Amino acid sequence: MGFIGSILVLAFLVFFHELGHFLAAKLFGVKVEAFSIGFGSQKLWKKKIGQTEYSLRPIPLGGFVQLKGQSDLDPKNRNYDSDSLYGIATYKRLVILAAGSSFNLLLAFLLYIAIALMGQNELAPIIGKVQENMPASKAGLQTGDEIIAINGNSIKTWEKLNKVVESSKGILEITFLRNSTLHTTTLIPQIGKSKNIFGEEISRPLIGIIAANEIRKVSYSPSESIPYAFSQTLQASTLILQGLEKMILGIVPLSEVGGVVSIVSITKKATELGIITLLTFTALISVNLGILNLLPIPALDGGHIVFTIYEMATKKIPSLNTIYRLTLAGWFILFGLMGLGLYNDLVRIMNGTMPF
């Protein structure tokens, strides 16, 4: 069931991405020739409704919407009719091209709202240890104290506590619970050394406390869930972009790149760990799909967006030969990344480190 669930999750994410393109194209009168979930020349199921052929294909790790006038396989083959992608205003084309990724980010946002309302296990903001000669110890905080609020902002998780301290500037008013009684103290974080998620040593504000490692289920009200979902979507997007930057700079090794096998394997594991874990991982994959499709690589949505912005700025259509060569280069990069991911997956399988 876990494997089937992982395939269904990936198919749903692709469907939602392509649905964004589909609806935007329909909105601006662009003919949608085909809407397919899955790849492959064979069609497991097909049905033509109006001008569009809908189909399911045997390779469920992708999908596509075929718009009139657009062909990634042959970028020279363009059509400029009024109902084609290149026959409409450039700003409309831009909306259509960005709609797929926008829908992925919207889906992640909605999933994070559901997660917030349902509640998930989080590290509680309870102090396990207070470091000597640090702001927390000087302010009188003790082991077992639970941080309730900072500067009037509610603190429900250790992650939120960490973010607030990390972004702090100046005095913090700490409200904490000790022996069922509320107390308040103030402190000023001091700059110290820490490590970020990529293992780099950084300087950041610290107050000198360590978590008690107590896990509790945390949920949010409907009004709280919206800013929570926005924050989580933004954080996931930022981490993906930072990860790409660190990989280009060589800080994150290329061996960390995962392929389709990794995605299916981890998604399968998530389906077995419960609905909240599955929703969280699905939201992360959706953000990943949305952000990566916006990269300025020809053959991806981001590449088409760059060409469109160039056309809007210069009032000139890029040379079809240039688009053709850049698109081939884009496919080369994409297949190279897919090959690297598959190679890393095979290495993990042979080393017994792939979580099946």
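An account of the accompanying structure is given in this report.

Cut-offs and rules
Counting from 1, residues in each chain are numbered in the order their sequence is written. At least 70 in pLDDT is required for a residue's local features to be given in this predicted model, at least 80 for side-chain atom pairs to be given and counted, and no such filter applies to totals for whole chains, interfaces and linings, which use all residues. Hydrogens and water molecules were not included; the side-chain quantities draw on all heavy atoms of the structure. Per the convention used, a helix needs a DSSP run of H or I reaching at least four residues, while a strand needs a run of E reaching at least two, with both numbered from the N terminus. Residue exposure (1.4 Å probe, protein chains only): buried if accessible area is under 20% of the type maximum, exposed if over 50%, otherwise partly exposed. Only the protein chains shown count as cover for residues, with accessible areas throughout obtained via the Shrake-Rupley method and a probe of 1.4 Å. Ring geometry is summarised as follows: Phe, Tyr and Trp rings, the Trp one being its six-membered ring, pair when their centres sit within 6.5 Å, and such pairs are stacked at plane angles under 30 degrees, edge-to-face over 60 and tilted between the two. What a helix is expected to span follows from its residue count: subtract one and scale by 1.5 Å. Two axes define the bend at a residue: one fitted to the seven residues ending there, one fitted to the seven starting there, and the bend is the angle between them. Each axis is a line fitted through C-alpha atoms, taken for helices only over the stretch in contact, and angles between the N-to-C directions span 0 to 180 degrees. Roughly parallel means an angle under 35 degrees; roughly antiparallel means over 145; roughly perpendicular covers 65 to 115; every other angle is labelled oblique. Each crossing is labelled by how the near helix is turned from the far one, with a counterclockwise turn of less than a right angle marking it left-handed and a clockwise turn marking it right-handed. In this description, contact between two residues means that some pair of their heavy atoms is separated by no more than 4.5 Å. Two strands qualify as a pair provided DSSP detects at least 2 bridges between them. We define a salt bridge as a contact between a side-chain nitrogen of Lys or Arg and a carboxyl oxygen of Asp or Glu at a distance within 4 Å. Like-charged residues are merged into a patch within 9 Å and nonpolar side chains (Val, Leu, Ile, Met, Phe, Trp, Tyr) within 5 Å, provided each residue has over 30% relative accessible area and no salt bridge. Nonpolar cores are built from buried Ala, Val, Leu, Ile, Met, Phe, Trp, Tyr and Cys residues. Side-chain atoms within 4.5 Å join them into one set.

What follows deals with the overall build of the chain. A tally of helices and strands in the chain yields nine helices and 14 strands. Buried positions account for 42% of the 356 residues belonging to the chain. Taken as a whole, the chain presents about 19,000 Å² of accessible surface, with 62% of it coming from carbon and sulfur.

Looking now at the packing of aromatic side chains. Tallied over the full model, the rule gives eight aromatic pairs. Pairing Phe22 with Phe35 gives two aromatic rings, centres 5.4 Å apart and planes at 65°, and the pair type is edge-to-face. With Phe22 in helix H1 (residues 2-27) and Phe35 in strand E1 (residues 32-39), the pair connects residues that are 13 residues apart, well separated along the chain. Here Phe35 falls in the buried class, since its relative accessible area comes to 6%. Taken together, the ring pairs connect Phe15, Phe22, Phe35 and Tyr54 into an aromatic cluster.

The next point concerns helix H2 (residues 90-118). With 29 residues, H2 extends 42 Å between its outermost C-alpha atoms, agreeing within 8% with the 42 Å of an ideal straight helix rising 1.5 Å per residue. Along H2, the sharpest change in direction is near 45° and occurs at Ala99.

Next up on the list: the packing of H2 against helix H8 (residues 301-314). Across the interface, H2 lies against H8 with an axial gap of 10 Å and an inter-helix angle of 160°. In terms of orientation, H2 lies roughly antiparallel with respect to H8. Between H2 and H8 lies a crossing of left-handed hand. Between H2, through Thr90, Tyr91, Arg93, Leu94, Leu97, Ala98 and Ser101, and H8, the contact on the second element is made entirely by Asp301, His304, Ile305, Thr308, Ile309, Glu311 and Met312.

Bringing the sheet that holds strand E10 (residues 181-187) into the picture now. Two strands in a sheet stick together by hydrogen bonds in their backbones, pointing the same way (parallel) or opposite ways (antiparallel). Read from one edge to the other, the open sheet built from four strands follows the order E8-E7-E9-E10, with strand pairing classed as antiparallel. Bordering the open sheet on either side are strand E8 (153-154) and E10, each of which pairs with just one other strand. Along the sheet, helix H4 (residues 158-166) contacts strand E7 (146-150), E8 and strand E9 (172-178); its crossing angle with E7, the most-contacted strand, is approximately 50°.

Let's shift gears to the environment of Ala236. Looking at the element boundaries, Ala236 is found in helix H5 (residues 222-249). With a relative accessible area of 6%, Ala236 lands in the buried category. With 51 residues separating them in the primary sequence, Ala236 and Val287 have C-alpha atoms 6.8 Å apart. Not counting residues up to four positions away in its chain, the partners in contact with Ala236 are Tyr112, Leu284 and Val287.

With the rule as written, the count across this model stands at nine salt bridges. Notably, a salt bridge pairs Arg178 with Asp145, separated by 2.8 Å at the nearest N-O pair. Here Arg178 is found in strand E9, whereas its partner Asp145 is found in the loop between helix H3 (135-138) and E7, with 33 residues between them in sequence. Lys163 is the salt-bridge partner of Glu159, the closest N and O atoms lying 3.6 Å from each other. With Glu159 and Lys163 both in helix H4 and four residues apart, the pair spans about one turn of that helix. Under the relative-accessibility criterion, Glu159 is labelled partly exposed at 31%. The exposure class of Lys163 is partly exposed, given its relative accessible area of 28%. Several salt bridges converge on common partners, so that one network encompasses Lys68, Asp81 and Asp83.

Taken together, Leu44, Trp45 and Leu56 make up a surface patch of nonpolar side chains, about 320 Å² in accessible area. Residue class for Leu44 comes out exposed when judged on its relative accessible area of 56%.

Our focus in this paragraph is the environment of Arg93. Along the chain, Arg93 falls in helix H2. Looking at Arg93, the relative accessible area reads 2%, which means it is buried. Ignoring anything within four residues of it in the chain, the contact list for Arg93 reads Leu85, Tyr86, Ile88, Thr308 and Glu311.

Moving on, we come to the nonpolar core. Core analysis: the biggest nonpolar cluster contains 24 residues, and Tyr112, Ile115 and Val287 have the highest contact counts within it. Elements that contribute at least two residues to this core include exactly H1, H2, H5 and helix H7 (275-293). In this view, Val287 contacts Leu105, Ala108, Thr233, Ala236, Ser237 and Ile240; residues no more than four positions away in its chain are not counted. Counting residues in each nonpolar core, the second largest holds 19 residues, with Ala136, Ile147, Val164 and Val165 among its members.

We now examine the environment of Thr277. Note that Thr277 resides in helix H7. Separated by 157 residues in the primary sequence, Thr277 and Gln120 place their C-alpha atoms 8.4 Å from one another.

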